[in-house]
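# Secondary and tertiary structure notes
Spelled out, the chains give:
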Amino acid sequence: MTKVGRPILGGRRFSLDWIGVVPFLGYAALFLVLPSAIVALGAFFDANNSLTFDNLAHLSRSYIVKSTIDTTIVSGITALLGAALGAILSYAIVTGSPTGLLRRIVISASGVLAQFGGVTLAFAFIASIGPAGLVYLFAQSHGFDYYAHGIWLFEPIQGLSLVYLYFQIPLMVLVFLPALDGIKPQWREATESLGGNTWHYWRHVAGPLLFPAFLGGLLLLFANAFSAYATANALINQGQPMLAQQIAGALSSEVGAYEPGFAKAIAVEMIVIVTLVTILYTQLQRRTSRWL
Amino acid sequence: MVAMFVVAACGSSNSGGSASCSESQAKTATSASACGGMSALVAAAKAEGKLNVIALPRDWANYGKELDTFAAKYSIQITSDNPDGSSQQEVDAIKQLGGTSRAPDVVDVGMAVALANTNLFTSYKVATWDDILAGQKESTGLWFQDYGGFMSVGYDSAKVPAITSLDDLLKPDYKGKVALNGNPKQANAALNGVMMASLAEGGSLDDISKGVDFFHRLKQAGTFVPVQATTATVKNGTTPVVFDWDYLSAAHGKDVPGWKVFVPGNAVLGGYYAQAISKTAPHPAAARLWEEFLYSDEGQNIWLQGLARPVRQAAMQSKGTIDATAAAALPPVNGTPQFLSPDQATAAKNYVVAHWDAAIS
């Protein structure tokens, strides 16, 4: 519509349309581009401010490699499980009454729980199902020792994944629900009137419509887990399985392991990984939304 | 006081008995007398009216009482930033905030950080300077040790059997119960915990590898938990066995009645923290008065009541000014105390940074 109207109304008039986006660009430059640039540049300087590639080379230290693997696995598992379970939960809500009590309760609870993280969350798990927690002591006294083969709550993959899901699933509900709400019942009826069954509906109509939103949620969840720090640190302080913890270690060591340049190199590594995942996401997004 | 006001009112500054301390004098004063004496320092500090401290947990070495007593005694308002911060974060705050009114005036830091950042500090000698042993201070007063103690294993005797040697911790009785106070790559207390284990297991101050091996064996035996021990985890029973400084550990007795503190006779590892005044302190007189207060008999006894061993303890014992009840409550230590030199601490740190994560994961 505008394409038709523009030449008649505007002619060669200088367009000021871009002004509206200036605050956003300014904000992004100040709080995203500038800090990233400072971090990226800092990764190439040592403590005496001379140019060096050592910081990046040190990323091959075995404990950083292990943290990279652990962080990626935990983020991947909690993103996949969180997205799948969150999507199922959203679907369950959508099929219910749009003004029902259940829907309102689940949405409010998700809003709160998606932000519930950090020391409080970790300690909630420690105090409930931890080795001195109420639930464990109760289970143990009834002959069910779920830590008989080791305290898995304090193992990076199992422990962190479980705790992270506590805020990942609600976050998925929050971002995925609007997409599900956009699916109109008439489309299903249209499918059926054209002779399609439930499989056809999901395969050719609802699935392709929802998949981009699902992928977007998946990416958000991955980044959310990837950058989480406080929860992991309160739960597993030793071994520093998450890269964010390694950054903190290199920045705040009081025993002399203070390597600010190295911390920035780890941050650069995290930026690169998230960028790669984002590129993968846009490629998938492009393929899946092509027909729309 | 009256005399001082008269002098100040007359505006004379260089007369022989001047008892005022100007801001520029306070900034560079290397002792109370260089600032016109104690009463002039007190007046200048009161005029500033504020003091910025950082990384002082109220339940650490009785700092809560230390802060409250000072604030009440001199009517100086204390801003206590980031109470759970690390020594490195203290000096980072000086670097980042230096020159602003929010910058820390004084710091209480581990020795590694003190030695690496002397360029941020200014020289000052408290009135009781001579009571501090030469090895426990920088000769010009850039830093001076304040309080310390010995590395220990604290445990809840109601939850675990009595500990008589570190090897006990490998037994199934301690499964999922042993923790460190922090990560040894970052926290001084935790690094010393590993070093103490090394001494007990046949290592030496020059060789921390036996300690890392020991924690590796604890991990394999399933007794080591990777949670950082805090007052909360001790209270709730998640970490009923904790490697920590004896004075911090003993404080858990308040929450856990059966709490005991064990220092192995073959591994008496001592450690002291140090005070330093920031070169860019926004309240230079209050910063100096704070140090005078901490190193007075009163300030030293407050630390002692928090079960930390104040640096003037020996001198105060011989003068009879020590709080004898508090001194008697210190955990018993039998054996020869050992102290890490800066070089040994660096070597230990390097080994731990390279090997710790692999050893306990």
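On a predicted model such as this, the values are computed, not experimentally measured, just so you know.

### Quick notes on the overall build of chain A
- Regarding its fold elements, chain A presents 13 helices and zero strands.
- For 292 residues, the compact-globule estimate of 2.2 N^0.38 gives 19 Å, and chain A exceeds it by more than 25% at 24 Å.
- Across its three principal directions, the C-alpha atoms of chain A cover 70 × 65 × 30 Å.
- Among the 292 residues that make up chain A, the fraction classed as buried is 40%.

### Details of a nonpolar patch on the surface
- A cluster of nonpolar side chains, Phe14(A), Leu16(A), Trp18(A), Ile19(A), Val21(A), Val22(A), Phe24(A) and Leu25(A), forms an exposed patch at the surface whose accessible area comes to about 830 Å².
- Among the structural elements, Ile19(A) can be located in the loop between helix H1 (2-10) and helix H2 (22-42).

### Here we look at the interface of chain A and chain B
- Listed by partner, the interface residues are 30 residues for chain A and 39 residues for chain B.
- Between chain A and chain B lies a buried interface of about 2800 Å² when both sides are counted; carbon and sulfur atoms form 53% of it.
- Looking at the side of chain A facing chain B, the largest losses of area belong to Gln238(A), Glu254(A) and Val255(A), adding up to 29% of the total buried there.
- Our count for the chain A to chain B interface comes out at one salt bridge.
- At the boundary of chain A with chain B, the tally comes to 14 residue pairs in polar contact (both at pLDDT 80 or more).

### Quick notes on the packing of helix H4 (residues 62-95) of chain A against helix H13 (residues 260-288) of chain A
Residue and element names in this part refer to chain A.
- At a minimum axis separation of 12 Å, H4 and H13 run at an interaxial angle of 30 degrees. What the angle tells us is that H4 and H13 run roughly parallel. Note that H4 runs across H13; the crossing there is right-handed. Contacts between H4 and H13 pair Tyr63, Ile64 and Thr68 from the former with Phe262, Ile266, Glu269 and Ile273 from the latter.
- For the contact of H4 with H13, the per-class residue count stands at five nonpolar, one polar and one charged.

### A few points about the confidence of the model for chain B
Residue and element names in this part refer to chain B.
- Residue-level pLDDT values for chain B average 90, and 95% of them are 70 or greater.
- Of the regions scoring below 50 in pLDDT, residues 1-18 engages in seven contacts with residues more than four places distant in sequence or in other chains.
- Model confidence for the complex: the whole-complex pTM is 0.77, and ipTM, which rates the interface, is 0.77.

### Quick look at the state of the cysteines
All names here are of chain B.
- Scanning the entire structure with this criterion turns up one disulfide over all chains.
- In this model Cys21 forms its disulfide with Cys35; the gap between the sulfur atoms is 1.7 Å. On the sign convention where negative means left-handed, the S-S torsion of about -55 degrees between Cys21 and Cys35 marks this disulfide as left-handed. Residue Cys21 is located in the loop between helix H1 (2-10) and helix H2 (23-28), and its partner Cys35 is located in the loop between H2 and helix H3 (38-48); the two are separated by 14 residues in the primary sequence.
- Overall, Cys21 belongs to the buried group, its relative accessible area being 12%.

### Considering the environment of Val194(B)
Residue and element names in this part refer to chain B.
- Assignment of secondary structure puts Val194 in helix H7 (residues 188-200).
- Judged by its relative accessible area of 0%, Val194 falls in the buried class.
- Sequence separation between Val194 and Val212 is 18 residues; the distance between their C-alpha atoms is 6.4 Å.

### With respect to the pairing of strand S3 (residues 106-109) of chain B
All names here are of chain B.
- Alternating residues of S3 divide into Val106 and Asp108 and Val107 and Val109, and every residue in both groups is buried.
- In the sheet, S3 pairs with strand S9 (residues 269-278) via four bridges, with the strands oriented antiparallel. Among the inter-strand pairings, Val109 is bridged to a residue of S9, identified as Ala274.

### Examining the pattern of salt bridges
Residue and element names in this part refer to chain B.
- Here the structure, examined in full by the defined rule, presents 17 salt bridges over all chains.
- In this structure, Lys159 engages Asp156 in a salt bridge whose closest nitrogen and oxygen atoms are separated by 3.6 Å.
- Owing to a relative accessible area of 43%, Lys159 belongs among the partly exposed residues under this scheme.
- For Asp156, a relative accessible area of 6% translates into the label buried.

### A word on the domain arrangement of chain A
Residue and element names in this part refer to chain A.
- On domain assignment, one finds that chain A holds domain 1 (16-52) and domain 2 (60-291).
- Using only C-alpha atoms to locate each centre, domain 1 and domain 2 end up separated by 28 Å.
- Taken together, the contact pairs five residues of domain 1 with five residues of domain 2.
- Of all residues in domain 1, Val39, Gly42 and Ala43 give up the largest surface area on contact with domain 2, accounting jointly for 67% of the area buried on that side.

Conventions and cut-offs
- Residues numbered from 1 in each chain as written.
- Chains lettered and ligands numbered in written order.
- Predicted model: local features only at pLDDT ≥ 70, side-chain atom pairs only at ≥ 80, totals over all residues.
- Heavy atoms only, no water.
- Helix = DSSP H or I, 4+ residues; strand = E, 2+ residues; numbered from the N terminus.
- Rg over C-alpha atoms; globule rule 2.2 N^0.38 Å.
- Buried < 20%, exposed > 50% of the residue type's maximum accessible area, 1.4 Å probe, protein only.
- Patch = residues over 30% accessible without salt bridge, like charges linked within 9 Å, V, L, I, M, F, W, Y side chains within 5 Å.
- Areas by Shrake-Rupley, 256 points an atom, 1.4 Å probe, with all protein chains shown as cover.
- Salt bridge = Lys/Arg side-chain N within 4 Å of Asp/Glu carboxyl O.
- Contact = heavy atoms within 4.5 Å.
- Buried area = accessible area lost by both parts, 1.4 Å probe.
- Polar contact = N/O pair within 3.5 Å; in protein donor to acceptor, adjacent residues only side chain to side chain.
- Axes fitted to C-alpha atoms, helices over the stretch in contact; angles between N-to-C directions.
- Parallel < 35°, antiparallel > 145°, perpendicular 65-115°, else oblique.
- Left-handed = near helix turned anticlockwise from the far one by under 90°.
- Nonpolar A, V, L, I, M, F, W, Y, C, P; charged D, E, K, R; others polar.
- pLDDT = per-residue confidence, 0-100.
- Disulfide = S-S within 2.5 Å.
- Pairing = 2+ DSSP bridges.
- Domains from an automatic or database assignment.

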